[in-house]
Amino acid sequence: MHNREPRDGAAIAAPGDTKVVLLGTKGGPRINRGRANPSNLVTAAGRSYVVDCGYGVTRQLVEAGVEAHEVHTILITHNHSDHMLELGPLVYSAWAGGLREPIEVWGPPPMGTIVANFLDSVGYDIDIRMEDEGRPDLRKLVRVHEFDAPSSPTLPGLPGQGAAMVFERDGLRVSAVKVRHPPITHAYAYRFDAPDRSITLSGDTTYSPELIALAEGADVLVLEVMHLGGLDRLLSRNPNAPTLRKHLIDSHTTTEQLGHVAAEAGVKTLVLSHLAPGDDPSITDAMWIEDVRKNFSGKIVLGRDLMTI
Ligand SMILES: [Zn+2]
Ligand SMILES: [Zn+2]
């Protein structure tokens, strides 16, 4: 990592200093001014882990003080485009920036096909640069781990036990469960357990007992949120999606549900991110939080781009 400070002045993690940086906090694939599309950076033991790759992730990483080639692990929660549209370009930027070690990509099916198709689409450029600039073959540096997370982490024992172990390194344990985000059948939440801190990131989900089990006792839960009062205005801006309301209600988490989830999981800090709508100035900070507070007495943080928690 570089010594540069991110734009909000918060320092990026030193080794053992586990943090999450919210890179993009607006839900959905639409791009406009203000909040960036969904992505997060977890730093632990001096390494950078990117969770989700919405459009703009590479630029937001740079703003947070991390160059693409310093990322060696990427985790995708699900394959809605607002969570993976810039996965390929991030991997490409890592290569363009001097990547020599393999870059690991974890996520649900069809992750392997998605990455292979992207690499095909830039095959001409890779071939040219290998020949002309002597670069290594990007296709051999990308390691895709497509996996099927369990849907029921209900085994007794440690928090998160019964979840799929994704990987363990440098004292950091990353696990995952399947959450509820119909019609997508493979939508995951990830939990990072470091010696100093535990952080759970929900991905997109409606109320999911599986997420509550995964996040049990976590220091930080980063959870998506939908404000029902802003929904009608959001829908009026999407005239080509007549069934979008049903999708949003069936597969996302309202402010009121959010407080229940955080309270039932017993987390210390709840971070609201993936705001839907994320571009409606008539919803004030207080309005985002008031319904959450009805059910959760812990610390509530309204996420903003490049905020470090
Ligand atoms: Zn989303
Ligand atoms: Zn989604």
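Reading the values: the criteria
Residues numbered from 1 in each chain as written. Chains lettered and ligands numbered in written order. Predicted model: local features only at pLDDT ≥ 70, side-chain atom pairs only at ≥ 80, totals over all residues. Heavy atoms only, no water. Salt bridge = Lys/Arg side-chain N within 4 Å of Asp/Glu carboxyl O. Helix = DSSP H or I, 4+ residues; strand = E, 2+ residues; numbered from the N terminus. Pairing = 2+ DSSP bridges. Right-handed = clockwise from strand over helix to strand, strands pointing away. Patch = residues over 30% accessible without salt bridge, like charges linked within 9 Å, V, L, I, M, F, W, Y side chains within 5 Å. Areas by Shrake-Rupley, 256 points an atom, 1.4 Å probe, with all protein chains shown as cover. Donors = N, O, S within 2.8 Å, 3.2 Å for Na, K, Ca; no water. Tetrahedral: all angles 85-135°; square planar, octahedral: opposite > 155°, others 65-115°.

Participant: Would you mind showing me how to read the pattern of salt bridges here?
Facilitator: Opposite charge on two side chains allows them to pair when their charged atoms are near. One pass over the full model with this rule turns up 14 salt bridges. Between Asp-285 and Arg-304 there is a salt bridge whose closest N-O contact spans 2.5 Å. Here Asp-285, found in helix α11 (residues 285–293), pairs with Arg-304, found in the loop between β13 (299–302) and β14 (307–308); they are 19 residues apart in sequence, far enough to count as distant. Connected via shared salt-bridge partners are Asp-125, Arg-129, Glu-133 and Arg-135.

Participant: Would you take a moment to explain the pairing of β13 for this structure?
Facilitator: Regular strands show a simple pattern: their side chains alternate between the two faces of the sheet. Relative to β13, strand β12 (residues 269–276) runs parallel, the two sharing four bridges. Bridging from a neighbouring strand, Leu-272 pairs with Leu-302 of β13. Since β12 and β13 lie parallel, the crossover through α11 that links them has a hand, and here it is right-handed.

Participant: Looking at this model, I keep getting lost on a nonpolar patch on the surface. Mind explaining?
Facilitator: There is a patch of nonpolar side chains on the surface, built from Ile-31, Tyr-55 and Leu-85 and spanning about 300 Å² of accessible area. Turning to its location among the elements, Ile-31 is positioned in the loop between β1 (19–24) and β2 (39–44).

Participant: Explanation requested: the coordination of the zinc ion (ligand 2) in the structure shown.
Facilitator: Angles at a metal have ideal values that depend on geometry: 109.5 degrees with four tetrahedral donors, 90 or 180 degrees with six octahedral donors. The coordination sphere of the zinc ion (ligand 2) contains the protein donors His-78 (NE2), His-80 (ND1), His-181 (NE2) and Asp-204 (OD), at a distance range of 2.1 to 2.3 Å. Around the zinc ion (ligand 2) sit four donor atoms; with metal-centred angles ranging over 90 to 159°, the donor geometry is irregular.

These results come straight from atomic positions and should not be treated as a statement about function.
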